[in-house]
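A closer look at the structure
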Amino acid sequence: MKVLIIDEIHPSIFPMLESIGMMADYRPDIKPLDVCEALADFDGLIVRSKMRITADTLKYADKLKFIARAGAGVDNIDADALQERNIALIGANEGNRQAVGEFALGLLISLMRNIVRGDKQVRDKVWLREDNRGEEISGKTVGIIGYGNMGQSFARVLSGFGCRILAFDKYAPEKITEPAESVSLEQLQQDADIVSLHIPYIHENLNFANDAFFAGFQKPIWFLNTSRGDVADQNAVVEHLKTGSIKGAALDVLENEKLHTLTEKQLQTFGYLAQANNVILTPHIAGWTHESYVKINEVLVEKIKRLQQSNLT
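The sections below set out a description of the structure shown in this document. Note that the coordinates shown come from a computational prediction; the quantities given were computed from them, not determined experimentally.

Brief notes about the packing of aromatic side chains
- Scanning the model with the defined rule gives 6 aromatic pairs in all.
- Arranged with centres 5.2 Å apart and planes meeting at 75°, the rings of F14 and Y26 form a pair that is edge-to-face. Within this pair, whereas F14 is found in helix α1 (residues 13–19), its partner Y26 is found in strand β2 (residues 23–26), the two being separated by 12 residues in sequence.
- Relative to F213, the ring of F208 has its centre 5.3 Å away and its plane inclined at 50°; by these criteria the two rings are tilted.
- For F213, a relative accessible area of 4% translates into the label buried.
- By the ring-pair criterion, three or more aromatic residues cluster together here, those being F208, F213, F214, F217 and F223.
- Here K2 stacks its cationic end above the ring of F42, 4.9 Å away from the centre of that ring.

A short note on the pairing of strand β9 (residues 194–197)
- Burial along β9 is two-sided: the face carrying I194 and S196 and the face carrying V195 and L197 are both buried.
- Where strand β6 (residues 141–145) and β9 come together, 4 bridges link them in parallel fashion. Bridged to V142 within β9 is I194.
- Where β9 lies against strand β10 (residues 221–225), 4 bridges are found, and the strand directions are parallel. Directly across from S196, in β10, lies its bridge partner L224.

Focus on the sheet that holds strand β1 (residues 2–5)
- Strand order in this open sheet of 5 strands is β2-β1-β3-β4-β5, and the pairing throughout is parallel. Strands with a single pairing partner mark the edges of an open sheet, and in this sheet they are β2 and β5 (88–90). Looking at each pair of strands side by side, their axes are set apart by 20° on average, direction ignored.
- In this sheet, strand β4 (residues 66–69) lies alongside strand β3 (residues 44–47) in parallel orientation, the contact comprising 4 bridges. Bridge pairing links L45 to I67 in β4.

A word on the packing of helix α9 (residues 234–243) against helix α10 (residues 264–275)
- Two numbers describe how α9 lies on α10: the axes approach to 10 Å, and their chain directions differ by 40°. With respect to their mutual orientation, α9 and α10 come out oblique. Seen along the crossing, α9 lies across α10 with a hand that is left-handed. Contacts between α9 and α10 involve Q234, N235, V237, V238, L241 and K242 from the first element and K265, Q266, T269, F270, Y272 and L273 from the second.
- Of the residues assigned to the contact of α9 with α10, the class counts are 6 nonpolar, 4 polar and 2 charged.

Conventions we followed
- Residues numbered from 1 in each chain as written.
- Predicted model: local features only at pLDDT ≥ 70, side-chain atom pairs only at ≥ 80, totals over all residues.
- Heavy atoms only, no water.
- Phe/Tyr/Trp six-rings, centres within 6.5 Å; stacked < 30°, edge-to-face > 60°.
- Helix = DSSP H or I, 4+ residues; strand = E, 2+ residues; numbered from the N terminus.
- Buried < 20%, exposed > 50% of the residue type's maximum accessible area, 1.4 Å probe, protein only.
- Lys NZ or Arg CZ within 6 Å of the ring centre and 35° of its normal.
- Pairing = 2+ DSSP bridges.
- Axes fitted to C-alpha atoms, helices over the stretch in contact; angles between N-to-C directions.
- Parallel < 35°, antiparallel > 145°, perpendicular 65-115°, else oblique.
- Left-handed = near helix turned anticlockwise from the far one by under 90°.
- Contact = heavy atoms within 4.5 Å.
- Nonpolar A, V, L, I, M, F, W, Y, C, P; charged D, E, K, R; others polar.

Encoded structure:
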């Protein structure tokens, strides 16, 4: 079987695929327009973020049995188009869940203890201890929205901090187990001091965290988003930072991550976020570690192997 790889990927993928009888054709420089015709010769496709995979992309892919996304989330792949052609969709969320959990914790500590701001001040020869007095996670109530691989990972790394952990998951509430308590969104908004988003980008989640969402909290909150930029209304985040209902925000994702293409409105909200001393911005790196780069390959190849075995039975 032949698999086409159209994004840069850790080289460990090649011996792994070979071990399950698959031959990889590595073309990280292929142009998106050329992928459509190329797929006619392949049984599988491995993609990261080079392009959106649509029904049109698949029009010549008569042999294709699976598409595997080397990363968390499959929002750049039209799942309905794959289903219509009986092509399996494989994700690798398990591969970077530890990385995301650790990173979310790092963001939270940095935010609540003014680490980023303090570092900048000291580099500028400004020494302000009292102005940088922070808060502890211990004793706080942390609300996790979305309790899949990433939400569960964040809960695990939080479990030693002496905090109460609440979780809300609209689509799979049965996944919520210790150390988290399963609650309604309203209960989470009632009790939370800290809120972290771990939901996928699907149409229903567009601007999930909007003005009404933030207005529903009974206390000022610390807000984290390491999922997708589109699930939080960036303008609402800015407005609630201004009023103090958001005490501070750590955003690893933005609604438009191509910063040279920002609209006028996006420029305004980004400008505020970039200068605010209670905001941390990072370039979509929560799941981006040397370890996860390899783990993602391990997860993909194991799932491809299972798919092969199921097709044989």
